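Here's the letter readout for the chains.
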Amino acid sequence: MIRVICNQETFVYNAYHMVKAFYPSETVTSSVDEKASNYVTVEFAEDGTDGQKEAMIEIADRQTNDMPAEKSAMKKYLDRMLYKKLSEQSGRTLAWGILMGVRPTKIAMRKLEEGMTQETFVPWFQKENLVSEEKAHLAWQIAGREKKLLDQLDYENGYSLYVGIPFCPTVCSYCSFSSGALGDWEHRVEDYLAALMKELEAIAKMSEGRKADTIYMGGGTPTTLNADQLDRLLTCIDRHFVREGLLEFTVEAGRPDSITKEKLQVLRNHGINRISINPQSMQQKTLDTIGRKHTVEQVYEAFHMARKLGFDNINMDIIAGLPGETPEDMEDTLRQIALLGPDNLTVHSLAIKRAAKMGQEEREGKRLTIIQDEIGTMVEMAGNKARQMGLFPYYLYRQKNIAGNFENVGYAKVDKAGIYNILIMEEKQTIVACGAGASTKAVIHSENRIERVENVKNVEQYIDRIVANPEWGYSIRGILDDHQPRGTEYKGVKVIGSIDNLLIILPQNLVDEIAITLGLEEYHKLEYIVGMCEKSGVHTKFIPDYNNIIPTKPYTEDLLGLPVINIRHVPLSNFFNRPMKRAV
């Protein structure tokens, strides 16, 4: 058990995640005590000892004589101090140092655009963020490759389009995406397809005069649609969106057991120039364990079929750290991938929380710190093999609690990099998303900010909403907060108010997503509220604090499994500067 106590809310996020990165096997809690004398205190206690402290790390006023006064500089200063103390205590280092965010290459991109050279950047990045020399070079290399591709785009007048198919042959045990097994939804696929095409038509009208630079069809697994359904959907896109000047059209074929020659021919007929065939592992024992109902042989068959039909830009995904896998298994997977010779290879690291849910932490009696080392070996092996295959890193992102503080990296041949993937990471251009659970991201350059709006995740509610009005696909969201009067709007999101109000609203199907905020004395109500929402098909999230409007309170890494969020919202039509009705 490890407790992280900060005297300001702004220090909590990085402190908590840094401690969790150094001690992935431990239960970590965090809280704010504004009266605390230390900026940050980390208390180590043995489970079952009634909180008796075994060790303590303190960052106090007396240790910070040279600390800068400016808030962001102060935060980074404290992060570096905490990192050094945790490294000394644990005997470990983190490859990405104090960087806890998902997009470390954005820093390199910004410095590159400011005119910094690699010779200057690498030592600066190491000193500023305590990253390893290897990761500093990697960030710079990727930023350089990204910039060459992104320079082709018109950020102001262009945009990218995402089309979501939320169905898969089966749901993999590690998956956290908004998708469901086709067998559960087969009776609604045609209805979903009709609603999706209606939403696409509405988006096309709103985006008249603007050009799509990339289109990405993902999910889920788009090739769970049959050949006729795929053809109709792609025909709708061809009819309503200008293809002239389109740089890339990707379809995530994904699961080999969903790929047929007929479907691949449909993709070829519509000019799809990039596809993914994702094994995740080439070990049959692993595929069986994680719920992927296909064989290694089917991976080979699907890949060779695609090559014969003329696809010359094929991506393959693999995951380092899947349950039961060893570095030797990864070596064999990479050997088989190299025999196929894909044009892209994306290497993911399994997140710690996901690994724990899959029983990974108990594998052969190993602690997560040992598994971290194994995953590090696997990631390094994958990078070396990619280079031997003539593939070079072109985009990178990280996830919270990713095992070993590592990263997910996309490798590609020189002229085969996925532009859409770069746009997702660098956030340089608006991405408009269609389909259930799809998330639109608007990059508003004039105001130097990004806004997001999500479509409702529930497939049936999405269909009903789009059939009623294709401009109403996105979620109606509310904040459950006893401390704010009902009807108050905060950041464009309506406050529901008390639990009594929630009981009235739920049966009326007026809200799809609830962000819950409770005072410390009300935490006992949380499980009851979540249960009510789940019965009504309402998605729930938890807000620990937002700009001091919600009272400061302790929170843990996983509060009843609820993702922790901040709420921001803007109507979809604002992305195209056109008026648009919205649901209320």
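Residues numbered from 1 in each chain as written. Predicted model: local features only at pLDDT ≥ 70, side-chain atom pairs only at ≥ 80, totals over all residues. Heavy atoms only, no water.

**Q** What is the right way to look at the overall build of the chain in this model?
**A** Counting its secondary structure elements, the chain contains 18 helices and 23 strands. Classification of the 584 residues of the chain by burial places 56% in the buried group. In the chain, 70% of the contacts between residues at least 6 apart in sequence involve partners at least 24 apart. Split by element, the accessible area of the chain, about 24,600 Å² in all, is 48% carbon and sulfur. (Helix = DSSP H or I, 4+ residues; strand = E, 2+ residues; numbered from the N terminus. Buried < 20%, exposed > 50% of the residue type's maximum accessible area, 1.4 Å probe, protein only. Contact = heavy atoms within 4.5 Å. Areas by Shrake-Rupley, 256 points an atom, 1.4 Å probe, with all protein chains shown as cover.)

**Q** Would you mind showing me how to read the pairing of strand 2 (residues 28-32) here?
**A** On a regular strand, each side chain points to the face opposite its neighbour's, so the side chains alternate between the two faces of the sheet. Note that strand 1 (residues 2-6) and strand 2 share five bridges and pair parallel. Across the sheet, residue Ile2 finds its bridge partner in strand 2, namely Val28. Following the backbone out of strand 1, through helix 1 (residues 12-22) and into the adjacent parallel strand 2, one traces a crossover that is right-handed. (Pairing = 2+ DSSP bridges. Right-handed = clockwise from strand over helix to strand, strands pointing away.)

**Q** Teacher, can you tell me more about the nonpolar core here?
**A** Most often, soluble globular proteins have nonpolar side chains that are buried together. Membership of the largest hydrophobic core comes to 111 residues, with the highest contact counts inside it found for Leu200 and Leu233. Setting aside residues no more than four positions away along its own chain, Leu200 makes contact with Leu161, Val163, Leu233, Cys236, Ile237, Phe241 and Cys434. Within the second largest apolar cluster, 31 residues are counted, among which are Cys6, Val12, Met18 and Val40. (Core = buried A, V, L, I, M, F, W, Y, C linked by side-chain atoms within 4.5 Å.)

**Q** Where do I start with the pairing of strand 16 (residues 439-444) in this structure?
**A** With respect to burial, strand 16 is a largely interior element, five of its six residues being buried. Where strand 16 meets strand 17 (residues 449-454), six bridges bridge the pair, whose relative direction is antiparallel. Looking at the pairing, Val443 lines up with Ile450 of strand 17. In this antiparallel pair of consecutive strands, strand 16 and strand 17, the connection spans four residues, and Asn448 shows a positive phi of 55 degrees.

**Q** Can you help me understand unusual backbone geometry in this one?
**A** Working note: non-glycine residues mostly have negative phi, and peptide bonds are mostly trans. Omega for the bond connecting Gly219 with Gly220 falls within 30 degrees of zero, at 15 degrees, which places this linkage in the cis form. Non-glycine residue Leu130 carries a positive phi angle of around 60 degrees. Its place among the elements puts Leu130 in the loop between helix 4 (118-129) and helix 5 (133-150). The phi dihedral of Gln280 falls on the positive side, at around 70 degrees, and the residue is not glycine.

**Q** Looking at this structure, how should I read the confidence of the model for the chain?
**A** As a general rule, the predicted coordinates of low-pLDDT regions are not to be interpreted in detail. Mean pLDDT over the chain stands at 80; residues scoring 70 or higher make up 76%. Ignoring residues within four places in sequence, the model shows residues 472-476, a span with pLDDT below 50, making 31 contacts including any to other chains. (pLDDT = per-residue confidence, 0-100.)

**Q** In this structure, what is going on with the environment of Gln461? I would like to understand it.
**A** Along the chain, the position of Gln461 falls in helix 16 (residues 459-468). Taking the C-alpha atoms as reference points, Gln461 and Ala436, 25 residues apart in sequence, are found 8.7 Å from one another.

**Q** Sorry, what's going on with the side chain of Thr224 here?
**A** For Thr224, the position within the fold is in the loop between strand 8 (211-219) and helix 8 (227-240). In terms of polar contacts, Thr224 uses its side chain to reach the backbone carbonyl oxygen of Thr221, at 2.7 Å. Apart from residues lying up to four places away in sequence, Thr224 is in contact with Ile165, Phe167, Cys168, Pro169, Leu182, Ser258 and Lys263. (Polar contact = N/O pair within 3.5 Å; in protein donor to acceptor, adjacent residues only side chain to side chain.)

**Q** Got a minute to help me understand helix 4 in this structure?
**A** The α-helix advances 3.6 residues per turn, and as a result positions three or four apart in sequence lie on the same side. With twelve residues, helix 4 extends 16 Å between its outermost C-alpha atoms, agreeing within 8% with the 16 Å of an ideal straight helix rising 1.5 Å per residue. Taken as a whole, helix 4 has its buried residues at Phe121, Val122, Phe125 and Asn129. Projected down its long axis, helix 4 shows its buried positions confined to an angular sector of 100 degrees, all on one face. Among the exposed residues of helix 4, those oriented more than 90 degrees off its buried face are Glu119 and Lys127. In this fold, the buried residues of helix 4 make contact with helix 2 (71-90), helix 3 (105-113) and helix 5. Where helix 4 ends, the next residue or the one after it, Leu130, has phi of about 60 degrees, a positive value. (Expected span 1.5 Å × (residues − 1). Arc of directions from axis to C-beta.)

**Q** Got a minute to help me understand the pattern of salt bridges in this structure?
**A** This structure, assessed with the given rule, holds 23 salt bridges. The salt bridge involving Glu128 is made with Lys76; its shortest N-O contact spans 3.8 Å. Note that Glu128 is positioned in helix 4 and Lys76 in helix 2, a separation of 52 residues in sequence. Its relative accessible area of 25% is what places Glu128 among the partly exposed residues. We classify Lys76 as partly exposed; its relative accessible area is 25%. Each of Arg103, Lys106, Glu427 and Lys441 takes part in salt bridges that share partners, so that together they form one network. (Salt bridge = Lys/Arg side-chain N within 4 Å of Asp/Glu carboxyl O.)

**Q** Is there a simple way to explain the packing of aromatic side chains in this structure?
**A** Per the counting criterion, the structure on display carries 14 aromatic pairs. On the numbers, 6.1 Å between centres and 20 degrees between planes, the contact of Tyr395 with Tyr397 is stacked. Chaining the aromatic ring pairs together yields one cluster made of Phe121, Trp124, Phe125 and Trp140. Across from the ring centre of Phe311, 5.4 Å away, lies the NZ or CZ of Arg268, which sits over that ring. (Phe/Tyr/Trp six-rings, centres within 6.5 Å; stacked < 30°, edge-to-face > 60°. Lys NZ or Arg CZ within 6 Å of the ring centre and 35° of its normal.)

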